[in-house]
Amino acid sequence: MTTIPWGTIRSLIIFFAPVLLPKAFGLYRKWNLRRSQQPKIRPVPSSARRALLLLLSLSLVYLALAILPFYSPENIFRLTQSRLQIPVDVLFTRLASVRPPSAADNALRHKFVNLQSRLLYLQFGPDVLASCLFCSSDDPKSYLYYALPNILAPHLFNLGVIALVTSSIFTGRDGSKWRYLATMASLVIGCADVYMVGSYNPQTNARALRLHEVDFFHWRQRSLRFLVLTFLNCLLASLLYLSSTNRLFVSPPSPAERVETVVRQLQQVKGKVNAVGVMQNTISRDDELRARGNAYWQHEVRLMGEVMEERDVVEGVRDALRERVVVENVERDAEIYVRSMLPPFSAAMHGEGRSKDD
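Residues numbered from 1 in each chain as written. Predicted model: local features only at pLDDT ≥ 70, side-chain atom pairs only at ≥ 80, totals over all residues. Heavy atoms only, no water.

**Q** Break down the packing of aromatic side chains for me, citing the residues and quoting the values.
**A** Think of a pair of aromatic rings as described by two things: how far the centres are apart, and how the planes are tilted against each other in angle. Enumeration according to the criterion identifies 12 aromatic pairs in this entry. Their ring planes at 85° and their centres at 5.5 Å tell us that F112 and Y121 sit as a pair that is edge-to-face. When sorted by exposure, F112 lands in the same class as Y121, which is buried. (Phe/Tyr/Trp six-rings, centres within 6.5 Å; stacked < 30°, edge-to-face > 60°. Buried < 20%, exposed > 50% of the residue type's maximum accessible area, 1.4 Å probe, protein only.)

**Q** Can you lay out the nonpolar core for me, pointing to particular residues and giving the numbers?
**A** The biggest cluster of nonpolar side chains holds 32 residues, and the ones touching the most others in it are I76, F77, F92, F112, Y121, L122 and F124. For this core, the elements supplying multiple residues, two or more each, are helix 3 (76–80), helix 4 (88–98), helix 6 (115–124), helix 7 (126–131), helix 8 (140–165) and helix 11 (217–244). Of the residues forming this core, the biggest block, five residues, is contributed by helix 6. Formed by 21 residues, the second largest nonpolar core is a distinct cluster that contains A182, L229, L236 and L239. (Core = buried A, V, L, I, M, F, W, Y, C linked by side-chain atoms within 4.5 Å. Helix = DSSP H or I, 4+ residues; strand = E, 2+ residues; numbered from the N terminus.)

**Q** Could you give an account of the confidence of the model for the protein, with specific residues and numbers?
**A** Taken over all residues, the pLDDT of the protein has a mean of 84, while the share at 70 or more is 89%. Mean pLDDT across the elements of the protein ranges from a minimum in helix 16 (residues 343–357), with 51, to a maximum in helix 10 (residues 179–199), with 95. (pLDDT = per-residue confidence, 0-100.)

**Q** Before we move on, can you summarise the packing of helix 10 against helix 11 with the specific residues and values?
**A** As a packed pair, helix 10 and helix 11 sit with axes 11 Å apart at the nearest point and diverge in direction by 170°. Taken as axis vectors, helix 10 and helix 11 run roughly antiparallel relative to one another. On the side of helix 10, the interface is formed by A182, A185, S186, I189, D193, M196 and V197, while helix 11 contributes F217, Q221, L224, R225, V228, L232 and L236. Here the residues of the contact of helix 10 with helix 11 are counted per class, giving 10 nonpolar, two polar and two charged. (Axes fitted to C-alpha atoms, helices over the stretch in contact; angles between N-to-C directions. Parallel < 35°, antiparallel > 145°, perpendicular 65-115°, else oblique. Contact = heavy atoms within 4.5 Å. Nonpolar A, V, L, I, M, F, W, Y, C, P; charged D, E, K, R; others polar.)

**Q** Just give me the short version of the state of the cysteines, but keep the residues and values in it.
**A** Within the structure shown, the criterion is met by one disulfide. Between C132 and C135 runs a disulfide, and the two sulfur atoms are separated by 1.8 Å. Here the S-S torsion is close to 70°, and the disulfide linking C132 with C135 is therefore right-handed. Take C135: its relative accessible area is 8%, and that puts it in the buried class. (Disulfide = S-S within 2.5 Å.)

What follows is the structure, encoded as structure tokens:
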């Protein structure tokens, strides 16, 4: 094992340190500045709470549809523990001994004319095979066309829910930022589902001689469909929670929103100033209130004068002014402030001065 000499390491440090250290300090300062400018973590808003409740409830429903056998379509081969090549009469005799026959059983019995129809049963399920009137085993694509509404129905319903919870009306800006990504993910999942069903080769089950060798594609694909929708909704709920509480994915407000916030604050300040003006006007017009105000200020002036005349206070103020405050700077700043606040008055004063000189 070769070792790097300490001299080489020291040379590399001396060479790269002046370049890398300033960049590292700069990145650290940027990270600290960005972290300090981020808004504080807040509780979940009420609109986001409704969206989270809807998404998680729907995810629980999808999860139940995916894993609970009660909601799964009936599989007559698994129910009767029959292999795929069993004669039709024996299959439905066993089925009749398990439960009473139905109209769908009669339709399936007429469709099970060959092995190809049974393979299509495993690909598209019992409902499609029993209820499709124009489909035939000679044209397997016809079953796909008939099954498309059943395949796309969960995806379209979930897409509608996603459009609702990411709308600006329902969740505001917190949910609308995820609208495009969630919509595209739903479309990709739906297209992938249709592709998997359409591209499945049912002939893989033709050589299965035992029940455990059979690939029950329709039931497996149905469970996978609802599990993927559950994962998508949970992921969207997590992103919505993190962004609505300012934990992650916090985007700064746009210039228009900042301007709107400043204008709203200025309107509030203007309203308070107007209220103070109305109150002051009312006090000035009322004799009793005006007398009470004058008495208060006379008492305040007398009290502060007595305080400022005390020896300790005078010495303390003198020491503070001598050590901390430059009187000339204060006077200059006060003059600049008065001129900037009252430019017409300053111009008038200067005009009078010129006229007197003339």
